[in-house]
Amino acid sequence: RANLISPEAARQRHLGNDPHPEQYDPDAWTDESAFLCRPGQDRIQEDLFYDYRTNVAAYPTWQAYLREQQPPLLVPRGKYDPSFTVEGALAHRQDVKGAEIHVLEAGHFAMDTKSDEVSALALKFLDRIAAGIEGRAGRAGLERARHANAWRAFCLQAP
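Here goes a summary of the coordinates provided. (Residues numbered from 1 in each chain as written. Predicted model: local features only at pLDDT ≥ 70, side-chain atom pairs only at ≥ 80, totals over all residues. Heavy atoms only, no water.)

**A look at a nonpolar patch on the surface**
Next, step 1: Judged by side-chain polarity, Y52, V56, Y59, W62 and F84 come together as a nonpolar surface patch covering roughly 450 Å² of accessible area.
Next, step 2: Those elements giving two or more residues to the nonpolar patch turn out to be helix 3 (41-57) and helix 4 (59-69).
Next, step 3: Along the chain, the position of Y52 falls in helix 3.
Next, step 4: For Y52, a relative accessible area of 34% gives the class partly exposed. (Patch = residues over 30% accessible without salt bridge, like charges linked within 9 Å, V, L, I, M, F, W, Y side chains within 5 Å. Areas by Shrake-Rupley, 256 points an atom, 1.4 Å probe, with all protein chains shown as cover. Salt bridge = Lys/Arg side-chain N within 4 Å of Asp/Glu carboxyl O. Helix = DSSP H or I, 4+ residues; strand = E, 2+ residues; numbered from the N terminus. Buried < 20%, exposed > 50% of the residue type's maximum accessible area, 1.4 Å probe, protein only.)

**Brief notes about the packing of helix 1 (residues 7-15) against helix 2 (residues 27-36)**
Next, step 1: Where helix 1 meets helix 2, the axes come as close as 8 Å, and the angle between the chain directions of the two elements is 135 degrees. When the axes of helix 1 and helix 2 are compared, the pair comes out oblique. Between helix 1 and helix 2 lies a crossing whose hand is right-handed. Note on element contacts: helix 2 touches helix 1 through A28, W29, E32, S33 and L36, opposite P7, A10, R11, R13, H14 and L15. (Axes fitted to C-alpha atoms, helices over the stretch in contact; angles between N-to-C directions. Parallel < 35°, antiparallel > 145°, perpendicular 65-115°, else oblique. Left-handed = near helix turned anticlockwise from the far one by under 90°. Contact = heavy atoms within 4.5 Å.)

**Notes on the environment of N17**
Next, step 1: Secondary-structure assignment places N17 in the loop between helix 1 and helix 2.
Next, step 2: Counting along the chain gives 65 residues from N17 to P82, while the straight-line C-alpha distance between them is 6.8 Å.

**Considerations on the pattern of salt bridges**
Next, step 1: By the definition in use, this model includes 7 salt bridges.
Next, step 2: Across the pair E32 and R13 runs a salt bridge, and its minimum N-O distance is 2.7 Å. You can see E32 sitting in helix 2 and its partner R13 sitting in helix 1, a full 19 residues away along the chain.
Next, step 3: Judged by relative accessible area, R13 falls into the partly exposed class, the value being 26%.
Next, step 4: Between R43 and D47 there is a salt bridge; the shortest N-O distance is 3.5 Å. In this pair, R43 and D47 both sit in helix 3, 4 residues apart, roughly one turn of the helix.
Next, step 5: Judged by relative accessible area, D47 falls into the partly exposed class, the value being 39%.
Next, step 6: One network of salt bridges, with partners in common, ties together R43, E46 and D47.

Structural data, given as structure tokens:
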């Protein structure tokens, strides 16, 4: 439990194996660490970590959904993330034919060092989704386009 919420564990979550730690703002993990040290957070984080096993058990269900529905899929992945590997990202192509996989020179939280790049990818992706959905007939297509455009607006406002 102590290792899960330790300052070093928070730092490691952000940096991963990135050979350029100087690119990171230390506030990212010091703020996270301060939050995790609040009373009761140790138990909450332990419960979440333990519950992750149900996430892994659900992978076949998610993969079946992806194969059957073929939703638009954008996967930005940090090259130096030890938890979510590049190989794992590339595996999405087996389930979703048009999956967009982008491997960034980043750690686990790619937004820590590549926020402009991730935002640009997200905006282009959302533009394509909105354009494709608006071209479809029907109310459901227009509703999906409205949601995609709302996400686009959110990305434009994000720091």
